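# Observations on the three-dimensional arrangement
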Amino acid sequence: MSTVLVLNGPNLGRLGSREPDVYGSQDMAALKALLEAEAPAGITIDLRQTNDESELISWLYEAVDTASPVILNPAAFTHYSYALRDAAALVTKGGGILVEVHISNPHAREEFRHTSVISGVATGVIAGFGFDSYVLALSSIGRLAS
């Protein structure tokens, strides 16, 4: 393992300005800096964000093809994207690691956010700890991959 793909879905490119009471006041650049500071020696963080479902699916294919572990915040796709779920399943069924993360706790929010179609195929799920959800996922990947 030399690269961890940190993949983020729709609207997360607006971190820092989008609902800071829910998502905090830091942006994607701050998340990247945090993860790079927390990454073990020799591990590269490849942080990406898209509002495009097909692009996110393509990145999961890339993870399968390169055997890269994935930290995935599917954002709104969490609740209904069966296409994304099927791509995530390719990662884990192929022996890869995929940790689903959420900045907020979906179960403490609106009822429609309580269901994740991704969780059932993920290696694990971490939610509700702000950016630390990503740090916990990175730490878990380090332990699982060794």
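Below is a summary of the structure that appears in this document. If you're wondering where the values come from, they're calculated on a predicted model, not measured in any experiment.

### Side note on the overall build of the protein
- From N to C terminus, the protein includes five helices and five strands.
- In the protein, the succession of α and β elements from N to C terminus is β-α-α-β-α-β-α-β-β-α.
- Taking all 146 residues of the protein together, 45% fall into the buried category.
- Across the protein, the fraction of contacts at a sequence separation of at least 24, relative to all contacts at a separation of at least 6, is 78%.
- Summed over all atoms, the accessible surface of the protein reaches about 7000 Å², with 49% contributed by carbon and sulfur.

### Describing the packing of helix 2 (residues 28–38) against helix 5 (residues 132–145)
- Taken N-terminus to C-terminus, the directions of helix 2 and helix 5 make an angle of 30°; their axes are 10 Å apart at the nearest point. Relative to helix 5, helix 2 is oriented roughly parallel. For the pair helix 2 and helix 5, the sense of crossing is right-handed. Where helix 2 approaches helix 5, its residues Leu31, Leu34, Leu35 and Glu38 are matched on the opposing element by Tyr134, Val135 and Leu138.
- Residue composition of the contact of helix 2 with helix 5, by class: six nonpolar, no polar and one charged.

### Comments concerning the pattern of salt bridges
- Applying the stated rule across the entire model yields four salt bridges.
- When the shortest N-O distance is used, the salt bridge between Glu36 and Lys32 registers 3.7 Å. Taken as a pair, Glu36 and Lys32 lie in helix 2 at a separation of four residues, close to a single helical turn.
- The exposure class assigned to Glu36 is partly exposed, which follows from its relative accessible area of 43%.
- What makes Lys32 partly exposed here is its relative accessible area of 31%.
- A salt bridge links Arg85 to Asp86; the nearest nitrogen and oxygen atoms lie 3.7 Å apart.
- Owing to a relative accessible area of 27%, Arg85 belongs among the partly exposed residues under this scheme.
- According to the relative accessible area criterion, Asp86 is partly exposed, its value standing at 47%.
- Overlapping salt bridges, with partners in common, bring together Asp46, Arg48 and Glu62 in one network.

Reading the values: rules and limits
Residues numbered from 1 in each chain as written. Predicted model: local features only at pLDDT ≥ 70, side-chain atom pairs only at ≥ 80, totals over all residues. Heavy atoms only, no water. Helix = DSSP H or I, 4+ residues; strand = E, 2+ residues; numbered from the N terminus. Buried < 20%, exposed > 50% of the residue type's maximum accessible area, 1.4 Å probe, protein only. Contact = heavy atoms within 4.5 Å. Areas by Shrake-Rupley, 256 points an atom, 1.4 Å probe, with all protein chains shown as cover. Axes fitted to C-alpha atoms, helices over the stretch in contact; angles between N-to-C directions. Parallel < 35°, antiparallel > 145°, perpendicular 65-115°, else oblique. Left-handed = near helix turned anticlockwise from the far one by under 90°. Nonpolar A, V, L, I, M, F, W, Y, C, P; charged D, E, K, R; others polar. Salt bridge = Lys/Arg side-chain N within 4 Å of Asp/Glu carboxyl O.

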